[in-house]
Amino acid sequence: MRTDRIYFDKPGDFGLWEQTCLPIGNGYMGASMFGGIRTERVVLNEKTFWAGGPCEARPDYYGGNHRDRFKYVRQVQEYLAAGENKKAEELLPMLTGDGDFGTYLLLCDMVLDFDLPDDNVSGYRRCLDLQNSLYTCEFTCSGVKHTREAFASYPARVIAFRFTASEKGALSFTLSLDKTHSGHITAENSTLVCSGAAEDNGLRFDARFRVYSDGEVISQDDRLRVCNASEAVVYFCAATDYDMKYPKYRTDTDPACVTTPLLHTAERLGWDALYDEHYNDYSALFGRVTLKINDEEKELPADKLLEAYRDGDRAAMNRLETLYFSYGRYLLISSSRTGSLPANLQGVWNESNTPPWCCDYHINVNLQMNYWGAYNTNLAETVPPLTDFLNSLREPGRVTAKEYYGIESTPENPENGWTAHTQCSPFGWTAPGWEFYWGWSTAAVAWLMQNLWEHYEFTGNRDYLRDSIYPIMRESVKFYVQWLIYDKKQDRMVSSPTYSPEHGPATVGNTYEQSLIEQLFIDFLKASAELNTDPELAGKVRELLPMLKPYHIGKNGLLKEWYEEDEPDFDRSKVQKNHRHISHLMGLFPGKQINHSHPELMNAAIATMNDRGDESTGWARAYKINLWARTGDGDRTYKLLRGLLESCTFQNLWDFHPPFQIDGNFGASAGIAEMLIQSHEEVIKLLPALPSEWHSGSFTGLCARGGYVIDASWNNGAVTHIRIMPKLGGKCVLEFPATGGKRTIGLNTEKGKTLEFSF
Ligand code: FUC
């Protein structure tokens, strides 16, 4: 049986972390390895370790908000409504927040200096096995085989490393730390402890390493030395005193009280039992889904696999496409688990204290994209970090709603509306960015609500809907209901000012915002009906919905991004023809309103994508895979996937913008699933966007809305076998390509009763 693994026959380069490292993670923590022979460097991360937020040095921290900006926002609205756009533009600098945002930090590097007799190394291989989430590096040096392994356990919340030598006494090394933050490093009783506080905000951290070995372990000042061993195991655990609670964001607990017992438990279990526990936890998620494309596959080191892909070697292409798909799922499981913060711009991995875009939570596409594959690739369990994070933004988001939108929550009228903008941090930063032209994104939260609502569509988990999702959604709906105003000229209810990420002018009711609010309203009506609650709010939403009118086709036949774009005085100076964001197509994906029942909109969307072009940054290509998949054009979708793998993929298979940005990995995994199964148009479509290059293949475990888990095989583009497992039961319709043409079957399913069909 084939295993999903990314491997190399040479070490990575310490100077090229984002291109050559191999990552492991358990949601809370991440480690990335290079596979160095004499010296190994392991970049270590703890997801809550952030600069910024409230602290002694920043007593007036206010979530980035400036006070009392609503009056300017109102004025901008009035100018725009009156067609006085220049005057509106002059006021836009007032629609911004503070710049003291903070950043995700590197925890430290673990440095391992091995005593190796010479450089004469053979049989080198380092490998990330996605099937069991185990990293291995092996080589032979002077006749001794050295094996280095690592895994990150979610249940035990530790990362474990094991080093072995095939000859007794042939393993000796020193473990030290580099790039640590201010604090103390002590080595005692085979334990290295690095504790201190982030310079910026005093956030306390504790990182500890406990070594077990059959050799001698010497604790020396700030390092541990292992001598004459044949095996050594290092357990690593880190925590901070961060707490996801407004307004303090700190626990009163010393992080050492978290790490110490975790390390004790890991020690008690020992490597084998710890690994079994990890394997059972991880494989229960990862093992649900498999994908096979065509018959022939070629196994190659990842750098060579990429080269062969670029050369059009079909067997290598089959391998890389399925591997990339699996890798997206691996990365999500490794960077988003209940209790952790959600996956950030780099998941959980970060080698720098000044990472790109602060390695934050960007919500004008990136955070949403991180979770697009969570449902269709059967990983709904990775979503609670997102839900909990958004829930934590409600309180600070009410401050932003008040200061910039005049929407106030009071004790008499609590939970009256929250909002957030392009950049968010774990310290409740919900203010607009420090420049209007990227930082203003009123509908970003509406967009995130799709991520939440789809949880219910896919899983039917009513308790989760009622207790976790609905309260967030409801308060967001309350915000937009109060925010919309009537625009006489456009004769509709609009959000204003609106800004289409991240180009063009500030306008009234752009497609991005109108369409996202529309989808939220539609979803909210379903949610409130499902829970039989909030008739009054639902009534208001029902009234507003037909007045949003988001979609308009321009003179050129393209879907309009800005309502006013055909007007003679429309300011085109900020419009970029091939811009990476294609935000007016929210309704095609991830939304549902541009679909095959509206051919005029579908055609305009297709024309829009052709006009925008295929070349772009990694995440934008991943987005376009999903968009094209929704049109049903498999070959065109495939062209985008190829482009992403050929032009925006590092040798370690991380997506790049550039730089490394993990959303492209996640988005592409979701998009590949979207090529194989779609369920947003009431029917479940199998192989809705199958490329002609994928002659035969099979998948297992992909999910459709309504709680269906589906396996299917195909040959010559026609489905040959379907297995459908209803988790909820009910009626569904399957549509799929069959020999002789499209076939549709209606099914009456029973919860838990699997149905199978062969053709
Ligand atoms: C969005 C994009 C940028 C980048 C940043 C992190 O704002 O426009 O390209 O991906 O997020």
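This is a predicted model, so every value here is computed, not measured.

What counts as what
One numbering rule holds for all chains: residues counted from 1, following each sequence as written. Given that this is a predicted model, residues contribute local features only at a pLDDT of at least 70 and side-chain atom pairs are listed and counted only at 80 or more, while totals for whole chains, interfaces and linings are drawn from all residues. To obtain the side-chain values, all non-hydrogen atoms of the structure were included, while hydrogens and water were left out. Helix numbering and strand numbering both begin at the N terminus, where a helix is a DSSP run of H or I of at least 4 residues and a strand a DSSP run of E of at least 2. In what follows, residue pairs with any heavy atoms lying within 4.5 Å of each other are defined as contacts. Exposure is judged per residue with a 1.4 Å probe applied to protein chains only, and the accessible area is read against the type maximum: over 50% gives exposed, under 20% gives buried, and values in between give partly exposed. Only Phe, Tyr and Trp rings are paired, with Trp represented by its six-membered ring, and only when their centres lie within 6.5 Å; those with planes under 30 degrees apart are stacked, over 60 edge-to-face, the remainder tilted. We call a charge positioned over a ring when the NZ of a Lys or the CZ of an Arg lies within 6 Å of the ring centre and within 35 degrees of the ring normal. Grid points spaced at 1 Å over the protein atoms alone were grouped into cavities, where a 1.4 Å probe fits but cannot get out, and pockets, open sets with protein on both sides within 12 Å along at least five of seven lines, with lining residues defined by an atom within 4 Å of a point. Grid points are joined across faces, edges and corners, and a volume is the space filled by probe spheres set on the points. Polarity classes work like this: nonpolar for Ala, Val, Leu, Ile, Met, Phe, Trp, Tyr, Cys and Pro, charged for Asp, Glu, Lys and Arg, and polar for all others, with Gly in that last group. Only one rule defines a salt bridge in this text: a Lys or Arg side-chain nitrogen within 4 Å of an Asp or Glu carboxyl oxygen. To obtain each axis, a line is fitted to C-alpha atoms, and for helices this fit is confined to the stretch in contact; angles are then taken between N-to-C directions over 0 to 180 degrees. In this scheme, roughly parallel covers angles under 35 degrees and roughly antiparallel covers those over 145, while 65 to 115 is roughly perpendicular and the rest are oblique. By definition, any crossing whose near helix is turned counterclockwise from its far helix by less than a right angle is left-handed, and any crossing with a clockwise turn is right-handed. In short, DSSP must find at least two bridges between two strands for them to pair. Disulfide: a pair of cysteine sulfur atoms within 2.5 Å of each other. A molecule or strand has a residue near it when one of that residue's heavy atoms lies within 4 Å. Pairs of N or O atoms within 3.5 Å make up the polar contacts considered here, provided that, within protein, one atom can donate a hydrogen while the other can accept it, and that residues adjacent in sequence are counted only when both atoms are side-chain atoms. Per-residue accessibility takes into account occlusion by the displayed protein chains alone, with areas from the Shrake-Rupley method and a 1.4 Å probe.

A. Up close: the environment of A81. For A81, the location among the structural elements is in helix α2 (residues 70-81). The spacing of A81 and K10 is 71 residues in sequence and 62 Å in space, taken between C-alpha atoms.

B. Just the side chain of H503, in detail. As for its placement among the helices and strands, H503 is situated in the loop between β23 (492-494) and α14 (511-531). Once residues lying within four places of it in the same chain are set aside, the contact partners of H503 are E561, W562, K574, V575, Q576, H579 and R612.

C. Here's a closer look at the environment of D221. Within the secondary structure, D221 is located in the loop between β16 (216-220) and β17 (223-229). Classification of D221 as exposed rests on a relative accessible area of 68%. Each C-alpha atom, one on D221 and one on A187, is 5.6 Å from the other, the two residues being 34 residues apart in sequence. Beyond its immediate chain neighbours, meaning those up to four positions away, D221 contacts I185, T186 and A187.

D. Quick look at the packing of aromatic side chains. According to the stated counting rule, one finds 48 aromatic pairs in the structure shown. Residues F151 and Y275 carry aromatic rings whose centres are separated by 5.3 Å and whose planes lie at 75 degrees to one another, so their mutual orientation is edge-to-face. One end of the pair, F151, is in strand β10 (residues 144-153); the other, Y275, is in helix α4 (residues 256-286), with 124 residues separating them in the sequence. Just as F151 is buried, Y275 falls in that class too. When the ring of F436 is compared with that of Y499, the centres are 5.4 Å apart and the planes differ by 55 degrees; the resulting orientation is tilted. One end of the pair, F436, is in helix α11 (residues 436-439); the other, Y499, is in the loop between β23 and α14, with 63 residues separating them in the sequence. The class for F436 is buried, based on a relative accessible area of 3%. The buried category is assigned to Y499, whose relative accessible area is 1%. By the ring-pair criterion, three or more aromatic residues cluster together here, those being Y405, F436, Y437, W440, F479, Y480, W483 and Y499. We note R125 situated over the ring of Y7; from NZ or CZ to the ring centre the distance is 4.0 Å. Sitting above the plane of the Y28 ring, R157 keeps its charged end 4.0 Å from the centroid.

E. The layout of surface pockets, seen in detail. Taken as a whole, the largest pocket holds about 450 Å³ of empty space. Residue lining of the largest pocket: 21 residues in total, with E457, K526, S679, E682 and R705 positioned closest to the centre. If you list the elements that add at least two residues to the lining of the largest pocket, you get α14, β24 (677-681), β25 (683-686) and β29 (730-738). Tallying contributions element by element places β29 first for the lining of the largest pocket, with four residues. Looking at the lining of the largest pocket residue by residue, the class counts come to seven nonpolar, eight polar and six charged.

F. Here's a closer look at unusual backbone geometry. That bond from Y246 to P247 is cis: its omega, 0 degrees, falls within 30 degrees of zero. Its location among the elements puts P247 in the loop between β18 (231-240) and α4. Unusually for a residue other than glycine, E415 sits at a positive phi of about 50 degrees. Counting through the fold element by element, E415 comes out in the loop between α10 (394-405) and β21 (423-424). Judged by its relative accessible area of 34%, E415 falls in the partly exposed class. A positive phi angle, close to 40 degrees, is found at K549, a residue other than glycine. Within the element layout of this structure, K549 appears in the loop between α15 (535-544) and α16 (599-612).

G. Summary view of the pattern of salt bridges. Considering all chains together, one arrives at 54 salt bridges under this definition. With a closest N to O distance of 3.0 Å, R466 and D467 form a salt bridge. For D614, the salt bridge goes to R636, with nearest N and O atoms at 2.8 Å. Pair noted here: D614 is in the loop between α16 and α17 (618-631) and R636 is in helix α18 (residues 634-647), with a separation of 22 residues, a long-range link.

H. A look at the side chain of N132. For N132, the position within the fold is in the loop between β8 (121-129) and β9 (134-141). Of the residues examined, N132 reaches a relative accessible area of 15% and is grouped as buried. Here N132 is in contact with Y275, H278, Y279 and Y282, once residues within four sequence places are set aside.

I. Broad picture of the packing of helix α6 (residues 314-335) against helix α19 (residues 663-676). Relative to each other, α6 and α19 sit at 120 degrees, their axes nearing to 8 Å. The angle between α6 and α19 falls in the class oblique. Viewed along their axes, α6 and α19 form a crossing whose handedness is left-handed. Residues E321, Y324, F325, Y327, G328, R329, L331, L332 and S335 of α6 touch α19, and the partners they reach there are G664, N665, F666, A668, S669, I672 and A673. Residues belonging to the contact of α6 with α19 are distributed by class as follows: nine nonpolar, five polar and two charged.

J. Layout of the sheet that holds strand β31 (residues 755-758). Pairing is antiparallel across the open sheet formed by five strands, whose spatial order is β19-β26-β27-β28-β31. Looking at strand neighbours, the two that pair on one side only are β19 (290-293) and β31, the edges of this open sheet. Each neighbouring strand pair of the sheet contributes to a mean axis angle of 20 degrees, computed without reference to strand direction. The sheet contact formed by strand β27 (residues 708-715) and strand β28 (residues 718-726) spans eight bridges and is antiparallel. Pairing of S713 across the sheet is with H721, part of β28.

K. Structural detail: the state of the cysteines. Scanning all chains against the criterion turns up zero disulfides. Free of any disulfide, C21 has its nearest cysteine sulfur in C359, 12 Å distant.

L. Representation of the site of the ligand in the model. Within the structure, the ligand sits among L345, W357, H362, N364, N366, E502, R580, H581, W619, H657 and Q661. Taking N366, its side chain carries an N or O atom lying 3.1 Å from an oxygen atom of the ligand. Residue Q661 places a side-chain N or O atom 2.9 Å away from an oxygen atom belonging to the ligand. For the ligand, whose free accessible area comes to 290 Å², the fraction covered by protein is 99%. Residue composition of the shell around the ligand, grouped by class: three nonpolar, six polar and two charged.

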